[in-house]
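# Architecture at a glance
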Amino acid sequence: MRITLIEDEKQLANIVKKGLEEEGYSVDAAHDGEEGLYMVENYPSDVVILDIMLPLLDGISILSSMRKKGIKTPVLLLTARDTITDKIKGLDSGADDYLTKPFKFGELLARIRALIRRKADIKDTVIRIGDLEINTTNREIKRGGKTIQLSTKEYAMLQYMAYNKDKIVSRTDLIEHIYDENFDANSNVLDVYINFLRNKIDKGFKKKLIHTVRGAGYILKGSEE
Ligand code: CA
């Protein structure tokens, strides 16, 4: 999953970016409102973390502008003051949630996961595909009851496919949602990771869960139709 982080306090932004990347998210960070607006309007993103007080353009203006353009990406507002006015204004402008600074990183993560679940219309924190279980809270993967260890990037790829289970996920979707703007789309990294993932998820199992759809992409599904 890919996150756009718009926060002008560089130190906080760096800590959050690093923490999110350790959790397997890819992060595009902007440090002022204009750069932030450009990013939300031009880069794909699964969640936008948006500070309200920003240089050049404030968070509420960014939010209104993106909603006006029909960009429905979930937005988590960061408010510096615990004032009701900011929260009401934010929610009324189309924010999905807000967090008051200072916040605990664990709470930020939980809110991001909730927004991703809501967007994917998945209620359970454990996603099941056949006998594969993906615990999106602690990132534990099991198949047939046995734990599978995945690298951060492999997890990110599997998680994206799981939130879109039974749907075809194109190579572009994968590249756009698990890498940030610095990814070289011409490299064969994606094929390498798909192979890693297949070896860990499907190898040794009679029933394959990761399927290639020729000319279209991949699909993660547990049932044949
Ligand atoms: Ca700020």
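Residues numbered from 1 in each chain as written. Predicted model: local features only at pLDDT ≥ 70, side-chain atom pairs only at ≥ 80, totals over all residues. Heavy atoms only, no water.

We now examine the sheet that holds strand 11 (residues 210-213). If you walk across this open sheet you meet the three strands as 10-12-11, and the pairing is antiparallel. The open sheet has two free edges, formed respectively by strand 10 (168-169) and strand 11, since each of these has just one partner strand. Taken strand by strand, helix 8 (residues 189-201) contacts strand 11 and strand 12 (217-220), and its axis lies near 140° from that of strand 11. (Pairing = 2+ DSSP bridges. Helix = DSSP H or I, 4+ residues; strand = E, 2+ residues; numbered from the N terminus. Contact = heavy atoms within 4.5 Å. Axes fitted to C-alpha atoms, helices over the stretch in contact; angles between N-to-C directions.)

Let's shift gears to the coordination of the calcium ion. Each angle at a metal carrying four tetrahedral donors should ideally be 109.5 degrees, and each at a metal carrying six octahedral donors should ideally be 90 or 180 degrees. Within the first shell, the calcium ion binds the protein through Asp-8 (OD), Asp-51 (OD) and Met-53 (O), at distances of 2.1 to 2.3 Å. Donor residues binding the calcium ion come from one chain and are separated in sequence as D-x42-D-x1-M. (Donors = N, O, S within 2.8 Å, 3.2 Å for Na, K, Ca; no water.)

The description of two aromatic rings rests on the distance between their centres and on the angle between their planes. All chains considered together, the criterion is met by three aromatic pairs. Ring centres of Tyr-179 and Phe-183 lie 3.9 Å apart, and the angle between their planes is 20°; this geometry places the pair in the stacked category. Classification of Phe-183 by relative accessible area gives buried; the value is 19%. For the ring pair Tyr-193 and Phe-196, a centre distance of 5.7 Å and an interplane angle of 85° mean the geometry is edge-to-face. With Tyr-193 and Phe-196 both in helix 8 and three residues apart, this pair spans about one turn of that helix. Residue classification places Tyr-193 among the partly exposed residues on the basis of a relative accessible area of 21%. For Phe-196, a relative accessible area of 37% puts it in the partly exposed group. Here Arg-139 stacks its cationic end above the ring of Tyr-155, 5.8 Å away from the centre of that ring. (Phe/Tyr/Trp six-rings, centres within 6.5 Å; stacked < 30°, edge-to-face > 60°. Buried < 20%, exposed > 50% of the residue type's maximum accessible area, 1.4 Å probe, protein only. Lys NZ or Arg CZ within 6 Å of the ring centre and 35° of its normal.)

The subject of this paragraph is the side chain of Arg-113. Summarising the element assignment, Arg-113 is placed in helix 5 (residues 105-120). Although buried, Arg-113 forms no salt bridge, and the nearest oppositely charged side chain, Glu-23, lies 4.9 Å from it. Those residues in contact with Arg-113 that sit more than four places away from it in its chain are Tyr-25, Thr-136 and Thr-137. (Lys, Arg positive; Asp, Glu negative; His and termini not counted. Salt bridge = Lys/Arg side-chain N within 4 Å of Asp/Glu carboxyl O.)

So, about the pairing of strand 2 (residues 26-30). Summarising burial for strand 2: five of the five residues are buried, a large majority. Every second residue of strand 2 is oriented toward a common face, with Ser-26, Asp-28 and Ala-30 on one face and Val-27 and Ala-29 on the other, all of them buried. Pairing analysis gives five bridges linking strand 1 (residues 2-6) to strand 2, with the strands arranged parallel. From the neighbouring strand, Arg-2 faces strand 2, where its bridge partner is Ser-26. Crossover connection from strand 1 via helix 1 (residues 10-22) to parallel strand 2: handedness right-handed. (Right-handed = clockwise from strand over helix to strand, strands pointing away.)

With that settled, the discussion passes to unusual backbone geometry. Residue Pro-102 follows Lys-101 across a cis peptide bond; omega there is -5°. Tracing the sequence through the fold places Pro-102 in the loop between strand 5 (97-100) and helix 5. With a phi close to 60°, Arg-139 is a non-glycine residue in the positive phi region. For Arg-139, the position within the fold is in the loop between strand 7 (132-135) and strand 8 (141-143). When its relative accessible area of 27% is taken as the criterion, Arg-139 is described as partly exposed. Positioned with a positive phi, Asp-166 is a non-glycine residue whose angle comes to about 65°.

Moving on, we come to helix 5. For helix 5, which comprises 16 residues, the first-to-last C-alpha distance of 23 Å matches the rise-based estimate of 22 Å (1.5 Å per residue) to within 8%. Among the residues of helix 5, Leu-108, Leu-109, Ile-112, Arg-113, Leu-115, Ile-116 and Arg-117 are the ones counted as buried. Of the surrounding elements, those touching the buried residues of helix 5 are strand 1, helix 1, strand 3 (47-51), strand 4 (75-79), strand 5 and helix 6 (152-163). Positive phi appears at Asp-121, one or two residues downstream of helix 5, with a value of about 60°. (Expected span 1.5 Å × (residues − 1).)

With that settled, the discussion passes to the sheet that holds strand 4. Taken together, the five strands give an open sheet; going across it, the order is 2-1-3-4-5, and neighbouring strands pair in parallel fashion. Across the chains shown, the open sheet's two edge strands, defined by having one partner strand only, are strand 2 and strand 5. The average undirected angle you get between the axes of adjacent strands in this sheet is 20°. Here strand 1 pairs with strand 3 via four bridges, running parallel.

Just distances and angles here, no functional claims.
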